[in-house]
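These are the residues of each chain, in order.
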Amino acid sequence: MIIEDEEKIARFVELELSHEGYTVTKAFDGRTGLELAETGQFDLIILDILLPQLSGMEVLRRIRRTSSVPIIMLTARDSVVDKVSGLDSGADDYITKPFAIEELLARIRTALRKTKPEETEVLSASGLQLNTGSRTVAVMGKPVELTKREFDLLHFLLKNKGIVVSREELLERVWGFDFSGGTNAVDVYVRFLRSKIDEVFNIKLIHTVRGVGYVIRNEK
Ligand code: CA
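Predicted, not measured: the structure shown is a model, and the values here were computed from it. (Residues numbered from 1 in each chain as written. Predicted model: local features only at pLDDT ≥ 70, side-chain atom pairs only at ≥ 80, totals over all residues. Heavy atoms only, no water.)

Asker: I'd like to hear about the nonpolar core, residue by residue, with values.
Answerer: If you look at the biggest cluster of nonpolar residues, it comprises 30 residues, and the most contacted ones within it are L128, L154, L170, I197 and L205. Elements with a minimum of two residues in this core: β6 (122-125), β7 (128-131), β8 (136-139), α6 (148-159), α7 (167-175), α8 (184-196) and β12 (213-216). Here the element with the most residues in this core is α6; it accounts for 6 residues. When neighbours within four sequence positions are excluded, L170 is seen to be in contact with L153, F156, L157, V165, W175, V186 and Y214. (Core = buried A, V, L, I, M, F, W, Y, C linked by side-chain atoms within 4.5 Å. Buried < 20%, exposed > 50% of the residue type's maximum accessible area, 1.4 Å probe, protein only. Helix = DSSP H or I, 4+ residues; strand = E, 2+ residues; numbered from the N terminus. Contact = heavy atoms within 4.5 Å.)

Asker: Describe the packing of aromatic side chains, and please don't skip the residues or the numbers.
Answerer: In total, this model carries 2 aromatic pairs according to the counting rule given. An angle of 75° between the planes, with centres 5.4 Å apart, marks the rings of W175 and Y189 as edge-to-face. Placement of the pair is W175 in helix α7 and Y189 in helix α8, with a sequence separation of 14 residues. Owing to a relative accessible area of 7%, W175 belongs among the buried residues under this scheme. Between the aromatic rings of Y189 and F192, the centroid separation amounts to 5.0 Å while the plane-to-plane angle is 75°, which identifies the pairing as edge-to-face. Of this pair, Y189 and F192 both sit in helix α8, 3 residues apart, which is roughly one turn of that helix. Residue classification places Y189 among the partly exposed residues on the basis of a relative accessible area of 22%. A connected cluster of aromatic rings, assembled from ring pairs, spans W175, Y189 and F192. (Phe/Tyr/Trp six-rings, centres within 6.5 Å; stacked < 30°, edge-to-face > 60°.)

Asker: How would you explain unusual backbone geometry if you had to name every residue and give the values?
Answerer: Omega for the bond connecting K97 with P98 falls within 30 degrees of zero, at -5°, which places this linkage in the cis form. Among the secondary structure elements, P98 is positioned in the loop between β5 (93-97) and α5 (101-114). Although it is not a glycine, S126 adopts a positive phi angle of roughly 50°. Classification of S126 by relative accessible area gives partly exposed; the value is 23%. In this structure, N202 is a non-glycine residue whose phi angle is positive, near 55°. Residue N202 is classed as exposed on the basis of its relative accessible area, which comes to 72%.

Asker: Summarise the pairing of strand β4 (residues 71-76); cite the residues concerned and give the values.
Answerer: With 5 of its 6 residues buried, β4 lies for the most part within the structure. Pairing between strand β3 (residues 45-48) and β4: 4 bridges, direction parallel. Bridged to D48 within β4 is L74. Remark: the β3/helix α3 (residues 56-66)/β4 crossover connection has right-handed handedness. In this structure, β4 lies alongside β5, joined through 5 bridges in parallel fashion. Bridge pairing links A76 to K97 in β5. (Pairing = 2+ DSSP bridges. Right-handed = clockwise from strand over helix to strand, strands pointing away.)

Asker: Run through the coordination of the calcium ion, naming residues and quoting values.
Answerer: Coordination angles at a metal have ideal targets, namely 109.5 degrees for four tetrahedral donors and 90 or 180 degrees for six octahedral donors. Protein coordination of the calcium ion is provided by D5 (OD), D48 (OD) and L50 (O), with donor distances spanning 2.1 to 2.4 Å. According to the relative accessible area criterion, D5 is partly exposed, its value standing at 29%. (Donors = N, O, S within 2.8 Å, 3.2 Å for Na, K, Ca; no water.)

Asker: Please provide a residue-by-residue account of the confidence of the model for the protein, values included.
Answerer: Detail in the predicted coordinates should be disregarded across regions flagged by low pLDDT. For the protein, per-residue confidence averages 89 on the pLDDT scale, and 95% of positions sit at 70 or higher. The weakest mean pLDDT in the protein belongs to helix α4 (residues 80-88) at 74; the strongest belongs to strand β1 (residues 2-3) at 98. (pLDDT = per-residue confidence, 0-100.)

Asker: Give me the lowdown on the environment of I206, citing residues and values where you can.
Answerer: With respect to the helices, strands and loops of the structure, I206 is situated in strand β11 (residues 206-209). Residue class for I206 comes out buried when judged on its relative accessible area of 0%. As for I206 and K161, which are separated by 45 residues in sequence, their C-alpha atoms are 9.9 Å apart. If near-sequence neighbours (up to four positions away) are discounted, I206 is found in contact with L157, V190, L193, R194, D198, Y214, V215 and I216.

As structure tokens, this is what we get:
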């Protein structure tokens, strides 16, 4: 994704990157860029510093709260302060404007090599996407805020999509052997997930199998 309000530059980068086989999404302001970034569906983000609505630096900080997606900052020439604070705030690299597209392409390849894509999995069901790398969840592109336990429970159910998982197994795999509470903890957390996902987006994600456990079904 490229977040850049100068549409000419954004379109130019999009054109060049699509020639290289990348799929590019453009955002022309900081807020839209951040919202898209929070879906966790991007392999790399090119982020301009001077942006309307939300500055590039603020977008960078907010993305870094939840995600380690590679970010290359676009900075004005000679703006040492921007470069330093960008790198301090977790940018992977920066490139100064105006730049040669070959240089940007090289930096993109380097940044992508540093990430370990085999560790990131995107699991989906009923319009929901869970990204294990950024630990983000979104439904139809809209981010869902989950606690660590809710995320882990949803992750385990998604990994076993189509398989009914018992409360005992969920407790063992998500809570761990040393958890001393009963299996109703599972029911409580399934309720939390339903209130944040099923009820908000009006979908049926987690099904109860009476007397057995829970399942996320394969999409029809
Ligand atoms: Ca700009």
